Amino acid sequence: MFVSFFPRPKLFFLSAAGWSLALILFWFFGGAELGALVGLPPDAPGTPPIIGIAVLWSKPFLWFYIYYALGVALFFGFWRWFSPHPWQEWSIVVSSIIFFLIYFNVQISVAVNNWYGPFMDYVQGLMGGTTNSTPGEFYRGSASFAWLALVGMNVSVINAFIVSHWIFRWRTAMNDYFMNYWDRLRHIEGASQRIQEDTMRFSQIMEDLGTSFVQSIMTLIAFLPVLIGLQKHITELPIIGAVPQPLVIAALGWCLFGTLAIMIAGVKLPGLQFRNQRVEAAYRKELVYGEDHDDRAQPVTTTQLFENVRRNYFRLYGHYVYFNIVRYTYLQADNIFSFIILGPSLVAHKITYGALSQISNAFGRVTNSLQFLLNSWSTIVELQSVHKRLRAFEATLEGAPLPDVDRHYLDRKAAGVAEKDQPAI
């Protein structure tokens with residue numbers, strides 16, 4: 001699954017994580033100041049943030065773009081020398097482009113958050129009659145947001161286009177790799193479906209989870225300092241009272257509670273999803289045989305196979321009831337959690353409308369990034385199901401024992417147990 005697309009996957013991913021961490025730490029502990037050597041210095045302490053689209057081509061941003069490109073070039077050059085791979089342009093270079101576009105959109109979100117404060121305070125002044133203005137000033141302020149939104153939308157469209165091609169390249173790499181060993185893999189139950197469908201689903205899910213995870217990390221890095229800067233307006237939390245770093249503590253505690261609740265509620269779902277793939281494959285296989293052989297897909301056989309499908313789906317539906325109750329209850333509460341946290345400060349008249357908008361947006365971004373497992377749990381369940389099916393291929397090629405469920409199936413098949421009588425394990 002990975003060796004077909006990435007050079008020496010275990011070492012590659014460890015080195016990618018280590019190199020990324022090193023670049024991030026170096027940036028925060030001196031790398032940002034190096035831009036002054038090429039005429040792109042960081043903003044002086046206390047400098048108010050640039051409001052609007054111009055921030056994206058300010059000197060600190062231009063230096064970061066160069067810094068990022070140099071980091072990617074060094075990483076790619078090392079792997080091209082150390083372990084050449086036919087797909088490394090896509091697995092390294094294009095992946096880094098996708099990550100950069102994700103980062104770019106995160107920075108647009110930060111710019112929008114910076115726009116909220118002064119503009120919403122301006123709106124509050126207009127509504128309260130304490131600020132004098134003209135329609136032109138109002139529309140110029142609105143246009144500042146419109147430009148950010150327009151650029152962010154188009155960058156997202158471009159990124160989606162690149163990602164679509166990236167996914168298909170990974171699927172192509174897996175398809176070519178497994179087809180080279182088709183003679184050794186064809187005996188595995190549902191081998192054709194695993195190559196034709198599961199490789200596509202695996203690459204799509206991995207891309208979705210990978211980009212979501214990277215976006216969560218980048219959002220956390222970008223918005224956590226913003227949240228820390230805004231919590232000067234907050235003096236205490238409901239029930240708990242005054243604590244240091246109140247917004248950060250509230251965000252961490254709330255997200256930890258939600259993640260644990262979702263993990264406990266969804267613990268049985270991966271196994272049920274995998275069983276669902278098996279019973280669906282068995283039913284589909286019998287119908288395919290029935291297209292060419294009159295003695296296959298007889299009513300008794302198909303009825304039994306479909307009964308296995310029905311039984312597993314009904315079990316899945318039952319488990320999803322309490323999983324979704326826990327999940328959606330938490331997500332609904334999440335919509336108002338920031339207002340509950342801000343309650344004492346609002347009642348004490350300590351924050352303005354602009355500050356409220358900034359804090360709510362930044363708090364929501366931070367908590368959403370910390371809720372990666374919660375938001376992705378259903379996708380992770382599906383990934384585990386697909387991974388189990390493709391893992392049988394890798395076990396065969398490595399000479400390792402097959403997963404228990406596939407070995408059980410082959411043992412029963414060798415013993416002459418009909419496919420319709422295979423239990424929905």
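Chains are numbered independently. Their residues run from 1 in the order of the written sequence. In view of the model being predicted, local features appear only for residues whose pLDDT reaches at least 70, and side-chain atom pairs are presented and counted only at 80 or more, with totals across whole chains, interfaces and linings using the full set of residues. The side-chain values count all of the structure's non-hydrogen atoms but skip hydrogen atoms and water molecules.

J.: Please clarify how the overall build of the protein should be interpreted in this entry.
T.: Helix numbering and strand numbering both begin at the N terminus, where a helix is a DSSP run of H or I of at least 4 residues and a strand a DSSP run of E of at least 2. Helix and strand counts for the protein stand at 12 helices and zero strands. From first element to last, N terminus to C terminus, the protein shows the α and β order α-α-α-α-α-α-α-α-α-α-α-α. Expressed along its principal axes, the backbone C-alpha trace of the protein runs to roughly 85 × 55 × 40 Å. Relative accessible area decides the class of each residue, using a 1.4 Å probe on protein chains only: under 20% of the type maximum gives buried, over 50% gives exposed, and in between gives partly exposed. Split into buried and exposed, the 425 residues of the protein put 44% on the buried side.

J.: Looking at this model, I keep getting lost on the environment of S164. Mind explaining?
T.: Relative to the helices and strands, S164 is located in helix α4 (residues 135-179). The spacing of S164 and Q204 is 40 residues in sequence and 8.7 Å in space, taken between C-alpha atoms.

J.: What exactly am I supposed to notice about the side chain of S109 here?
T.: As for its position among the elements, S109 is in helix α3 (residues 88-128). On the basis of relative accessible area, S109 is assigned to the buried category, the value being 13%. Here, residues are in contact when the closest pair of their heavy atoms is within 4.5 Å. Residues in contact with S109, not counting those within four places in the same chain, are F223, N361 and R365.

J.: What is the right way to read the pattern of salt bridges from this model?
T.: A pair can form between side chains of opposite charge whenever their charged atoms are brought close. The salt bridge definition used is simple: a Lys or Arg side-chain nitrogen within 4 Å of an Asp or Glu carboxyl oxygen. Throughout the structure, instances matching the rule amount to three salt bridges. The salt bridge partner of E307 is R311, with a shortest N-O separation of 3.9 Å. Pair noted here: E307 and R311 are both in helix α9 (residues 299-347), with a separation of four residues, about one helical turn. Among the residues examined, E307 registers a relative accessible area of 26% and is labelled partly exposed. Under the relative-accessibility criterion, R311 is labelled partly exposed at 37%. One continuous salt-bridge network, built from bridges that share partners, spans E307, R310 and R311.

J.: Is there a simple way to explain the UniProt feature "transmembrane region" (unreviewed entry) in the protein in this structure?
T.: UniProt positions are given in the numbering used here, feature names are shortened, and annotations may be inferred rather than shown by experiment. The UniProt entry lists residues 12-30, 50-78, 90-112, 145-168, 209-228 and 248-269 under the feature "transmembrane region" (unreviewed entry), expressed in the numbering used here. Annotated as residues 145-168, this span is 100% helix and 0% strand, and its ends, taken at the C-alpha atoms, are 35 Å apart. Along residues 248-269 the backbone is 86% helical and 0% strand, and the end-to-end C-alpha distance reaches 32 Å.

J.: Just to check I follow, could you spell out a nonpolar patch on the surface for this structure?
T.: Where nonpolar side chains cluster on the molecular surface, the patch consists of L21, I24, L25, F28, F29, F213, I217 and I221 and spans about 780 Å² of accessible area. Elements supplying a minimum of two residues to the nonpolar patch: α1 (9-31) and α6 (191-230). Considering each element in turn, the nonpolar patch owes the most residues, five residues, to α1. Structurally, I24 is set in helix α1. For I24, a relative accessible area of 33% gives the class partly exposed. Patches were defined on residues exceeding 30% relative accessible area and lacking a salt bridge, with like-charge contacts within 9 Å and nonpolar side-chain contacts (Val, Leu, Ile, Met, Phe, Trp, Tyr) within 5 Å. Per-residue and other accessible areas follow the Shrake-Rupley method at a 1.4 Å probe size, with only the shown protein chains counted as cover for residues.

J.: Please explain the environment of I167 as it appears in this structure.
T.: With respect to the element layout, I167 can be found in helix α4. On a C-alpha basis, the gap between I167 and I205 in space is 9.4 Å, while along the polypeptide they are 38 residues apart. With sequence-adjacent residues up to four places away left out, I167 is seen in contact with S203, Q204 and E207.

J.: Looking at this model, I keep getting lost on the nonpolar core. Mind explaining?
T.: In a soluble, globular protein the nonpolar side chains are often hidden away together inside. Here, the term nonpolar core denotes a set of buried Ala, Val, Leu, Ile, Met, Phe, Trp, Tyr and Cys residues that are joined through side-chain atoms within 4.5 Å. Core analysis: the biggest nonpolar cluster contains 84 residues, and L56, W166 and F202 have the highest contact counts within it. When residues of this core are assigned to their parent elements, the largest contribution, 12 residues, is made by α3. W166 has contacts with F5, F6, W90, S91, V94, S95, I98 and E207, leaving out every residue within four places of it along the chain. Formed by five residues, the second largest nonpolar core is a distinct cluster that contains F119, M120, Y122 and V123.

J.: Just to check I follow, could you spell out the layout of surface pockets for this structure?
T.: To find leftover empty space, a probe the size of one water molecule is rolled over the atoms. Cavity means a closed set of points on a 1 Å grid over the protein atoms alone, one where a 1.4 Å probe fits but cannot get out, pocket means an open set with protein on both sides within 12 Å along at least 5 of 7 lines, and lining means a residue has an atom within 4 Å of a point. Grid points are joined across faces, edges and corners, and a volume is the space filled by probe spheres set on the points. Of the volumes computed, that of the second largest pocket is approximately 480 Å³. For the lining of the second largest pocket, the secondary structure elements donating two or more residues are α3, α4, α6, α10 (353-370) and α11 (372-398). No other element matches the eight residues that α6 contributes to the lining of the second largest pocket. Here the term charged refers only to Asp, Glu, Lys and Arg, the term nonpolar to Ala, Val, Leu, Ile, Met, Phe, Trp, Tyr, Cys and Pro, and the term polar to all other amino acids, Gly among them. Class assignment of the residues belonging to the lining of the second largest pocket gives a composition of seven nonpolar, 15 polar and three charged.

J.: In this structure, what is going on with the packing of α1 against helix α2 (residues 59-82)? I would like to understand it.
T.: Each pair of packed helices can be summarised by the angle the axes make with each other and by the distance between the axes. Note on geometry: axes are lines fitted to C-alpha atoms, helical ones only across the stretch in contact, with angles between N-to-C directions running from 0 to 180 degrees. Two elements in contact, α1 and α2, have axes separated by 11 Å at closest approach and are oriented at 150°. Accordingly, the angle class assigned to the pair α1 and α2 is roughly antiparallel. Considering the relative orientation of α1 and α2, their crossing is right-handed. Each of L11, F12, S15, A16, W19, L23, F26, W27 and G31 in α1 lies in contact with α2, whose residues at this interface are P60, W63, F64, Y67, G71, L74, F75, W79 and F82. In the contact of α1 with α2, the residues fall into 15 nonpolar, three polar and no charged. These descriptions rest on fixed angle ranges, namely under 35 degrees for roughly parallel, over 145 for roughly antiparallel, 65 to 115 for roughly perpendicular, and the rest for oblique. Handedness of a crossing is defined here by the sense of rotation of the near helix relative to the far one, left-handed for an anticlockwise turn of less than a right angle and right-handed for a clockwise turn.

J.: I would appreciate a short explanation of the environment of Y68 in the present structure.
T.: Position of Y68 relative to the elements: it lies in helix α2. Each C-alpha atom of the pair Y68 and W90 lies 17 Å from the other, and the pair is 22 residues apart in sequence.

J.: Help me out: how do you make sense of unusual backbone geometry in this one?
T.: When glycine is set aside, most residues are seen to have a negative phi, and most peptide bonds are trans. For R8, which is not a glycine, the phi torsion comes out positive at approximately 45°. In this structure, R8 sits in the segment before α1.

J.: Looking at this model, I keep getting lost on the confidence of the model for the protein. Mind explaining?
T.: Low-confidence regions, as indicated by low pLDDT, have predicted coordinates that should not be scrutinised in detail. Confidence along the protein averages 80 in pLDDT terms, with 90% of residues attaining 70 or more. In predicted models, pLDDT denotes the confidence assigned by the predictor to each residue on a 0 to 100 scale. Segment residues 417-425: pLDDT under 50, and 24 contacts once partners within four positions in sequence are set aside and those in other chains are kept.

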